[in-house]
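# Structural features, examined
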Amino acid sequence: MMELTHLNNQGRARMVDVSDKAETTRTARARTSVELSDTLKQLITGGQVSKGDVLAVAQVAGIMAAKETSRIIPMCHPLALKKVDLSFEWDGTQLIIESFVKTKGDTGVEMEALTAASVAALTVYDMTKAVDKGIVIGPTYLLEKQGGKSGDYVR
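The text that follows walks through the structure, step by step, so that each part is easy to find. (Residues numbered from 1 in each chain as written. Predicted model: local features only at pLDDT ≥ 70, side-chain atom pairs only at ≥ 80, totals over all residues. Heavy atoms only, no water.)

Our next topic: the side chain of Arg-26. In this structure, Arg-26 sits in strand β1 (residues 24-35). Comment: no salt bridge for buried Arg-26; closest opposite-charge side chain is Asp-106, at 6.3 Å. From its side chain, Arg-26 meets the backbone oxygen of Ala-22 in a polar contact 3.1 Å long. (Helix = DSSP H or I, 4+ residues; strand = E, 2+ residues; numbered from the N terminus. Buried < 20%, exposed > 50% of the residue type's maximum accessible area, 1.4 Å probe, protein only. Lys, Arg positive; Asp, Glu negative; His and termini not counted. Salt bridge = Lys/Arg side-chain N within 4 Å of Asp/Glu carboxyl O. Polar contact = N/O pair within 3.5 Å; in protein donor to acceptor, adjacent residues only side chain to side chain.)

Locating Arg-14 in the fold gives a position in the segment before β1. Expressed as a C-alpha distance, the spacing of Arg-14 and Val-34, which sit 20 residues apart in the sequence, is 33 Å. With sequence-adjacent residues up to four places away left out, Arg-14 is seen in contact with Thr-5, His-6, Leu-7, Asn-8 and Met-75. (Contact = heavy atoms within 4.5 Å.)

What follows is about the packing of aromatic side chains. According to the stated counting rule, one finds zero aromatic pairs in the structure shown. The residue whose ring lies beneath Arg-155 is Tyr-141, and the NZ or CZ to ring-centre distance is 4.1 Å. (Phe/Tyr/Trp six-rings, centres within 6.5 Å; stacked < 30°, edge-to-face > 60°. Lys NZ or Arg CZ within 6 Å of the ring centre and 35° of its normal.)

Bringing the pairing of β1 into the picture now. Sheet analysis places β1 next to strand β3 (residues 94-105), joined by 12 bridges and oriented antiparallel. Counted as the bridge partner of Thr-24 is Gly-105 from β3. Of the strand pairs in this sheet, β1 and strand β5 (residues 141-146) are connected by five bridges, and their pairing is antiparallel. Across the sheet, Arg-31 pairs through a bridge with Tyr-141, a residue of β5. (Pairing = 2+ DSSP bridges.)

To continue, consider the pairing of β3. Most of β3 sits out of view: nine of its 12 residues are buried. Pairing of strand β2 (residues 81-91) with β3 involves 10 bridges; the strand directions are antiparallel. Following the sheet pairing, Asp-91 is matched in β3 by Gln-94. Hairpin connection from β2 to β3: two residues lie between these consecutive antiparallel strands, with Gly-92 at a positive phi of about 65°.

Here the focus is the side chain of Thr-32. In this fold, Thr-32 is placed in strand β1. Within the local environment of Thr-32, its side chain forms a polar contact with the side chain of Thr-140, the two groups lying 2.6 Å apart.

Attention now moves to unusual backbone geometry. What you tend to see is this: most non-glycine residues have negative phi, and most peptide bonds are trans. Here the residue pair Gly-138 and Pro-139 is connected by a cis peptide bond, since its omega of 5° sits within 30 degrees of zero. With respect to the helices and strands, the residue Pro-139 is situated in the loop between β4 (136-137) and β5.

Right, let's get into the packing of helix α2 (residues 54-67) against helix α4 (residues 110-128). Viewed as axis vectors pointing N to C, α2 and α4 meet at an angle of 145°, and their least axial separation amounts to 7 Å. Our pair here, α2 against α4, has a crossing hand that is right-handed. For the pair α2 and α4, the contacting residues are Val-54, Val-57, Ala-58, Ala-61, Gly-62, Ala-65 and Ala-66 in the first and Glu-112, Thr-115, Ala-116, Val-119, Ala-120, Thr-123, Val-124, Met-127 and Thr-128 in the second. A class-by-class count of the residues in the contact of α2 with α4 yields 11 nonpolar, four polar and one charged. (Axes fitted to C-alpha atoms, helices over the stretch in contact; angles between N-to-C directions. Left-handed = near helix turned anticlockwise from the far one by under 90°. Nonpolar A, V, L, I, M, F, W, Y, C, P; charged D, E, K, R; others polar.)

That's the geometry; what it means functionally is another story.
Encoded structure:
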C-alpha cells in the first residue's frame, strides 16, 4: 500500500524532503477543455472578444501560473522551470488546452503542468463570461510524466 508522503508522523501536512533525490530531467503534460457556445467560439476565432486575444492571454496566464505553482499549492516545491508551453485546439465548440512543462531537478512538474492548463482555462472563462456564464471547464488531467524515482506515466 502506498504511503501519503505529505503527512508527518502526527498526520499533519508537511513539505516532502527531496534533498536526497537525484537531479534528473523531468517533464509533464496535462490537458483540460473548455466547452463554449457557438457564439463564443466565433467571437474567439474571429478576434472579436472585447477584452482582447483570448488565446494569447490564456497562453501567457498558463505560463505565469506554472512558474507560480509553489505559491498557490501549499506543498509544492519552488522549481526552476526550463520550458513551459501551451497549445490550443478546437474540437467543435470544445477548446482543448494542453500544457507541457520541463525542468531539471529533484522533483516532478506534474502540478505545474496541471496548474498551467487550469489557469489557461480559467482565463478563457474570465475573458468571455460577459457573453456566456454557462461555460464548462474540464475534465483536467495528467496526460504523461517522465523522469524521477516513480518512473514514467502515460494515461
